[in-house]
Amino acid sequence: SEHIPCLKTRQEGMRPHFEQSHQIHPSAEDYLETILMLSQRMGKVRSIDVVNELGFTKASVSIAMKKLRENGYIAVDGEGNLTLLEPGLEIAQRIYSRHQLLTHFFVQLGVDEQTAAEDACKAEHILSEQTLEKIRESALRNDAAHPQAK
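Residues numbered from 1 in each chain as written. Predicted model: local features only at pLDDT ≥ 70, side-chain atom pairs only at ≥ 80, totals over all residues. Heavy atoms only, no water.

Novice: Looking at this model, I keep getting lost on the overall build of the protein. Mind explaining?
Specialist: On a plain count of helices and strands, the protein comes out with 6 helices and 2 strands. Written out in order from the N terminus, the α and β elements of the protein read α-α-α-β-β-α-α-α. Looking at the 150 residues of the protein, the share that counts as buried comes to 41%. The contacts of the protein with a sequence gap of at least 6 include a subset with a gap of at least 24, amounting to 61%. With the model as given, the accessible surface of the protein reaches about 8500 Å², and the carbon-plus-sulfur share is 52%. (Helix = DSSP H or I, 4+ residues; strand = E, 2+ residues; numbered from the N terminus. Buried < 20%, exposed > 50% of the residue type's maximum accessible area, 1.4 Å probe, protein only. Contact = heavy atoms within 4.5 Å. Areas by Shrake-Rupley, 256 points an atom, 1.4 Å probe, with all protein chains shown as cover.)

So this is what it looks like as structure tokens:
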């Protein structure tokens, strides 16, 4: 099933916040995750692709892309193509992998796919590595016990 970008489930009014420390706001993580997903699907990604994917205004996405660029998470070339830089790629991959794990785990519990994906969008930013590791172990055990359910 295709991953629905998490920001799509939030209100447009939520602006991405970028803290000075190494902490990054969940909406910024979601923008990076969206750029990663689009680049896997389309190859080259531009701001308009992010606008179309999320249904936000060009202005909102433009502000977010500027902040991501200023913070060293993405690069933008002369044609407007967005590239995840190493710090941005690491965050995007971490969030995407958390999202996939949590969606899978929630579906295993009997949650429908749509709700599982929406709940994963909320949980992917706040769960500790320890909790995620236990969820991963449980999901793997469940997959091994019920191989046909995958």
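That was the structure; now back to the text.
Novice: I'm lost on the packing of helix α2 (residues 47-54) against helix α3 (residues 58-70) in this one. Help?
Specialist: The angle between the axes and the distance between the axes are what describe a pair of packed helices. Between α2 and α3, the shortest axis-to-axis distance is 9 Å and the interhelical angle comes to 125°. Of the possible angle classes, the one that applies to α2 and α3 is oblique. You can see that α2 and α3 cross each other, and the crossing is right-handed. Contact with α2, carried on its side by Ser47, Ile48, Val50 and Val51, involves Lys58, Val61 and Met65 of α3 and no other residues of that element. (Axes fitted to C-alpha atoms, helices over the stretch in contact; angles between N-to-C directions. Parallel < 35°, antiparallel > 145°, perpendicular 65-115°, else oblique. Left-handed = near helix turned anticlockwise from the far one by under 90°.)

Novice: I keep staring at α3 and nothing clicks. Help me out?
Specialist: Note: α-helices contain 3.6 residues per turn, so residues at a spacing of three or four share the same orientation. Look at α3: 18 Å from first C-alpha to last across 13 residues, which is about the 18 Å you get at 1.5 Å a residue. For α3, the full list of buried residues reads Ser60, Val61, Ala64, Met65 and Leu68. With its buried residues spanning 125° around the axis, α3 presents them on a single face. Away from its buried face, by an angle of more than 90 degrees, α3 presents the exposed residues Lys58 and Glu70. (Expected span 1.5 Å × (residues − 1). Arc of directions from axis to C-beta.)

Novice: What is the right way to look at α2 in this model?
Specialist: Residues of α2 that are buried: Asp49, Val50, Val51, Glu53 and Leu54. Turning to α2, the residues buried within the fold contact α1 (26-42), α3 and β2 (82-84).

Novice: What am I meant to see in the packing of helix α4 (residues 86-108) against helix α6 (residues 129-145) here?
Specialist: It is at 10 Å that the axes of α4 and α6 come closest, and there the two elements cross at 50°. Considering their axes alone, α4 and α6 lie oblique with respect to each other. Like other packed secondary-structure pairs, α4 and α6 cross with a definite hand, here left-handed. Residue-level contacts link Arg94, Arg98, Leu101, Leu102, His104, Phe105 and Gln108 of α4 to Glu129, Leu132, Ile135, Arg136, Ser138, Ala139, Asn142 and Asp143 of α6.

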